[in-house]
Amino acid sequence: MSKIRITDTSLRDGHQSLWATRMATADMLPVLEKLDNIGYHSLEIWGGATFDVCIRYLNEDPWERLREIRRNIKKTKLQMLVRGQSLVGYTHYPDDIVIKFIEKAAENGIDIFRMFDALNDLRNLETCMRTVKRIGKHAQACVVYTISPVHSVQHFVDTTLRLQDMGADSICVKDMAGLLAPYVSYELIQALKENLDVPIQLHTHYIGGLAIATLLKAAEAGVDIIDTASVPMAFGSSQPPVETIVRALQGTEWDTGLDLHELFEIAEHFEQIRKHKGFERGVTRISDMKVFEHQVPGGMISNLYSQLEEQKASHRINEVFAEIPRVRADLGYAPLVTPTSQIIGIQAVLNVLLGERYKMCPGEVKDYVRGFYGRPPVPISDEIRQKIIGHTPVIDVRPADLLEPLWEKARQESKDWAESEEDIITYALFPQVALKYFEWRKARSAEDIPQMQPNEYELAVVENKAPVAPPKLKPKVRPNAASRGDEVMNIDEIRELMRLLDESNIADLELQKNDFKIHLRKYVAGNTPATSNPVASAAQPLLVEQAEEILDDNITEILAPMVGTFYAAPSPDADPYVKIGDRVQPGQTLCILEAMKLMNEIKTDFAGTIVDILVENAQPVEYGQTLFLIQKD
Ligand code: CO
């Protein structure tokens, strides 16, 4: 009897694929004991996008999540997904950070490190693998599955043999887009079993509906471990449901031995959370089925949809899907998985939206072409390379060899915030987002959110009678803002309210606007809201008349060309960032807009002086929103 063992992915890939990774630790806690008792081979609970989303959107410490889960999972092995040298981020990190990260992840509870490199460039797994082996944890190395003229069964056998030689304790075939067809799966797993000594695991996605058959054929071919998720966290772009696989294999030589009744109790829990949070069941749309054409993995399809929607171009999704395979061929048939899926995805989006291929290339695309992510499976043609990076040279060493150590620097830079070595790692991985999170954490512990400065206004939707979520409002409003990009109130209305507050010397007011109750309050000193005392006279806010005065003819607005997150750009002089009063030159980078996880530099094409910056650092911006006011020379 060769039982098949199962890894449950509900707490990582399941919600990453279906719920934009929005499951909170609190949603997991009540079901952990039951999960621990099932008899799973392992629980994949950490890594991938979960780390980033914890600090970026959930205001959670990912390390604390790991410790909470470890406290509650006493018998079952905990597993994480590591993007090789990129860890849980989107860019390569220096070796010292990779080593620290792996050590700390193990210390906090990870047993099995599943690692992959998007390009199957094994140099990018060396440091990870060496560290995992040194600390005595399980190193599972992935081969990323894709379809291309070079990705034959023999290619996968050769790659995995090298991974075994590097010390992999097991091999995982990672089919992130659900492209592995049942009979190919049989052939591939059989070839791997014949050639390798270590256990073979198969990770696939349901998306186009092949996955159940693919797992069953893999079982016949002798696969050791397979990945599934609890039914409310399965189907669609996630894994196939565990319940189906358990039932399908019952009474066969591959019987999983898992108890369906106990599995349904777990499913009930996730179903309640799903209903409560309003997430859809895993569904497959016709456009999802086209994965067989465009190969875009599930997690990225929803990303592309929402990005296009935000750019008001969702009707062009099919053009983007048609462009993706062309960009992929141009860029050497990289498998589509983070970060190559974003790199190829955004280039395809830009090619479609700008109407000219490679007219604009984000920094990441240039870095990819220069070899900073590793070696593409097929060399990039001279023509495409020159279009993207001109005559800039391409590197041929292991990309991380070019990176300076970062630990000491990160430790220094984060010393006012970091409370642990884990915090320093968080900062090293996502500096901007981490600082925002640390600030929030500090503010929360002082029960003082948000931290306002004197003479700043806070505008919030306090009551929402509309059937939809309230539109996002900036928590801070600058009186001289020229445009705010939200739909509840326009700038004139806001100015009117501010004028009212200034003139009446009241601290705050509430008013009804359409379906929303709006609350505006003014801060006068420290973080204390103004009382009914007269507003402090020093540092009076810019009044409406003055604000309008600056908006004279010579002032040019710099608008956001896309939806994204605004980051201040480093200033060319000694100051760290571009700021009000700075002189700018044509071609100078004013800020960085992060969209689709990529950094896009926004430049000025004229000289002038920055009169105002209308967005706070690390804040989301809408399409067409004014970012800067610049007085032209
Ligand atoms: Co996956």
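Look up a bit, the structure's there.
The structure displayed is predicted, hence computed values, not measured ones.

A. Up close: the nonpolar core. Of all hydrophobic cores here, the largest spans 104 residues; its most connected members are Trp46, Phe101, Phe113 and Leu429. At six residues, the largest contribution of residues to this core is made by helix α6 (residues 95-108). Beyond its immediate chain neighbours, meaning those up to four positions away, phenylalanine 101 contacts Trp46, Phe51, Trp63, Met80, Leu87, Val88, Ile425 and Leu429. Among the nonpolar cores identified, the runner-up in size contains 30 residues, and Met300, Ile301, Leu308 and Tyr358 belong to it.

B. Spatial organisation of the coordination of the cobalt ion. Note on the cobalt ion: its protein donors are Asp13 (OD), His203 (NE2) and His205 (NE2). The metal-donor distances range over 2.0 to 2.1 Å. Within one chain, the residues serving as donors to the cobalt ion are arranged as D-x189-H-x1-H. With aspartate 13 in helix α1 (residues 10-18) and histidine 205 in the loop between β7 (200-204) and α10 (211-220), this residue pair connects regions lying 192 residues apart in the sequence.

C. Just the pattern of salt bridges, in detail. With the rule as written, the count across this model stands at 37 salt bridges. The shortest N-O distance in the salt bridge between arginine 67 and glutamate 64 comes to 3.0 Å. Here the residue arginine 67 and the residue glutamate 64 both occupy positions in helix α5 (residues 62-72), the gap between them amounting to three residues, near one helical turn. Judged by relative accessible area, arginine 67 falls into the partly exposed class, the value being 26%. The residue glutamate 422 makes a salt bridge to lysine 104 at a minimum N-O spacing of 3.9 Å. Pair noted here: glutamate 422 is in helix α21 (residues 421-429) and lysine 104 is in helix α6, with a separation of 318 residues, a long-range link. What makes glutamate 422 buried here is its relative accessible area of 10%. A relative accessible area of 10% means that lysine 104 is categorised as buried. Here the salt bridges do not stand alone but share partners, grouping Arg12, Asp13, Glu44, Arg114 and Asp227 into one network.

D. Quick peek at the sheet that holds strand β4 (residues 112-115). The strand order around the closed barrel built from eight strands is β1-β2-β3-β4-β5-β6-β7-β8, with neighbouring strands paired in parallel fashion. Strand after strand, the sheet turns through a mean of 30° between neighbouring axes, direction not considered. Direction of pairing for strand β3 (residues 77-82) relative to β4: parallel, over a ladder of four bridges. Paired with methionine 80 across the bridge in β4 is phenylalanine 113.

E. Region of the structure containing the pairing of strand β5 (residues 138-144). Counting buried residues in β5 gives six out of seven residues, a clear majority hidden from the surface. Pairing of β4 with β5, which is carried by four bridges, proceeds in the parallel orientation. Paired with isoleucine 112 across the strands is histidine 138, a residue of β5. The β-α-β motif built from β4, the intervening helix α7 (residues 126-134) and the parallel element β5 has right-handed crossover chirality. Inspection of the sheet shows β5 paired to strand β6 (residues 170-175) by five bridges, in the parallel sense. For valine 144, the partnering residue across the bridge sits in β6 and is lysine 174.

The rules behind the values
Residues numbered from 1 in each chain as written. Predicted model: local features only at pLDDT ≥ 70, side-chain atom pairs only at ≥ 80, totals over all residues. Heavy atoms only, no water. Core = buried A, V, L, I, M, F, W, Y, C linked by side-chain atoms within 4.5 Å. Buried < 20%, exposed > 50% of the residue type's maximum accessible area, 1.4 Å probe, protein only. Helix = DSSP H or I, 4+ residues; strand = E, 2+ residues; numbered from the N terminus. Contact = heavy atoms within 4.5 Å. Donors = N, O, S within 2.8 Å, 3.2 Å for Na, K, Ca; no water. Salt bridge = Lys/Arg side-chain N within 4 Å of Asp/Glu carboxyl O. Pairing = 2+ DSSP bridges. Axes fitted to C-alpha atoms, helices over the stretch in contact; angles between N-to-C directions. Right-handed = clockwise from strand over helix to strand, strands pointing away.

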